[in-house]
Amino acid sequence: MLASTTDPTYSRLRHTGGALAHSMSTGAWRRSLDMRGADAVVAPALRVGLAVLIVLIVGGLLDLTYLAGFAALGALSSAFGRYEPHRRLAGKTAFAGIGIIVYVALGATLGAIGSSMWMQTVVLSVAAGIAFWILTAFRVFGPGPVILIFAAAGAAGFADTTADVAAAVAAAATGAAVGWIVGMIPALCHPHGPARLAVAR
């Protein structure tokens, strides 16, 4: 017995089949992969990738691979504040970098004092709320507080001594400096790029 066209099951199957057919169509894939000039998603991603690549390579060459991860987290500050004029971007990227350094210091200190897992969970949960509030209040958009909390949690698991705290903080600061420099390079080549992008968008 054939299902009636008014049957809800028939309607649902027909809708599902249409959705599957659309997801497999070449037109849908072509539109999803289309990059328009006004979107400018590639340039920020390349800058972040370059900043992380630099600190990871240097960390490997200096045989400091155990600190390269913290430097890479610092370099992720270049992912914050995109689509801003360069003067504003400089301040917001530096602000994000300082935030990552502070959260690495917080997490490393928790690890160095031998705090329990419960204490770390409570402190980092509160710190996550504070990071969200501060980044939102200062309109520093980007990956959000997850980067800061990830940095703090990693540092908490890494540090056992005050020397570990200093090393993790120094690595994060170095990475943040590299991220800031890489993020500011377009200001030398295309100083009016963000304004043109805003008009195009």
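Structure's up top.
Read on for a plain summary of the structure.

The rules behind each value
- Residues numbered from 1 in each chain as written.
- Predicted model: local features only at pLDDT ≥ 70, side-chain atom pairs only at ≥ 80, totals over all residues.
- Heavy atoms only, no water.
- Core = buried A, V, L, I, M, F, W, Y, C linked by side-chain atoms within 4.5 Å.
- Buried < 20%, exposed > 50% of the residue type's maximum accessible area, 1.4 Å probe, protein only.
- Helix = DSSP H or I, 4+ residues; strand = E, 2+ residues; numbered from the N terminus.
- Contact = heavy atoms within 4.5 Å.
- Axes fitted to C-alpha atoms, helices over the stretch in contact; angles between N-to-C directions.
- Parallel < 35°, antiparallel > 145°, perpendicular 65-115°, else oblique.
- Left-handed = near helix turned anticlockwise from the far one by under 90°.
- Nonpolar A, V, L, I, M, F, W, Y, C, P; charged D, E, K, R; others polar.
- Phe/Tyr/Trp six-rings, centres within 6.5 Å; stacked < 30°, edge-to-face > 60°.

Quick notes on the nonpolar core
Phase 1 of the analysis: In terms of nonpolar packing, the biggest core is built from 36 residues, with Val 55, Phe 70, Phe 80, Ile 100, Tyr 103, Val 104 and Leu 148 touching the most fellow members.
Phase 2 of the analysis: Elements with a contribution of two residues or more to this core: helix H3 (42-61), helix H4 (65-75), helix H5 (86-112), helix H6 (117-137), helix H7 (146-158) and helix H8 (162-189).
Phase 3 of the analysis: Once you skip the residues sitting within four places of it in the chain, Leu 148 turns out to touch Phe 80, Gly 99, Ile 100, Tyr 103, Ala 131 and Leu 135.

Quick look at the packing of H5 against H7
Phase 1 of the analysis: Close contact between H5 and H7 brings their axes to 7 Å; oriented N to C, the two are set at 30 degrees. Classified by the interaxial angle, the pair formed by H5 and H7 is roughly parallel. Crossing hand, H5 versus H7: right-handed. Contacts between H5 and H7 involve Gly 99, Ile 100, Tyr 103, Val 104, Gly 107, Ala 108 and Gly 111 from the first element and Ile 147, Leu 148, Ile 149, Ala 151, Ala 152, Ala 155 and Ala 156 from the second.
Phase 2 of the analysis: Here the contact of H5 with H7 is built from residues that sort into 11 nonpolar, three polar and no charged.

Section: the packing of aromatic side chains
Describing an aromatic ring pair means giving the distance of the ring centres and the angle of the ring planes.
Phase 1 of the analysis: Per the stated rule, a full pass over the model turns up two aromatic pairs.
Phase 2 of the analysis: Where Phe 95 meets Phe 138, the ring centres are 5.0 Å apart and the plane angle is 40 degrees; that geometry is what we call tilted. Of the two residues, Phe 95 sits in helix H5 while Phe 138 sits in the loop between H6 and H7, which places them 43 residues apart along the sequence.
Phase 3 of the analysis: With relative accessibility at 51%, the residue Phe 138 sits in the exposed group.

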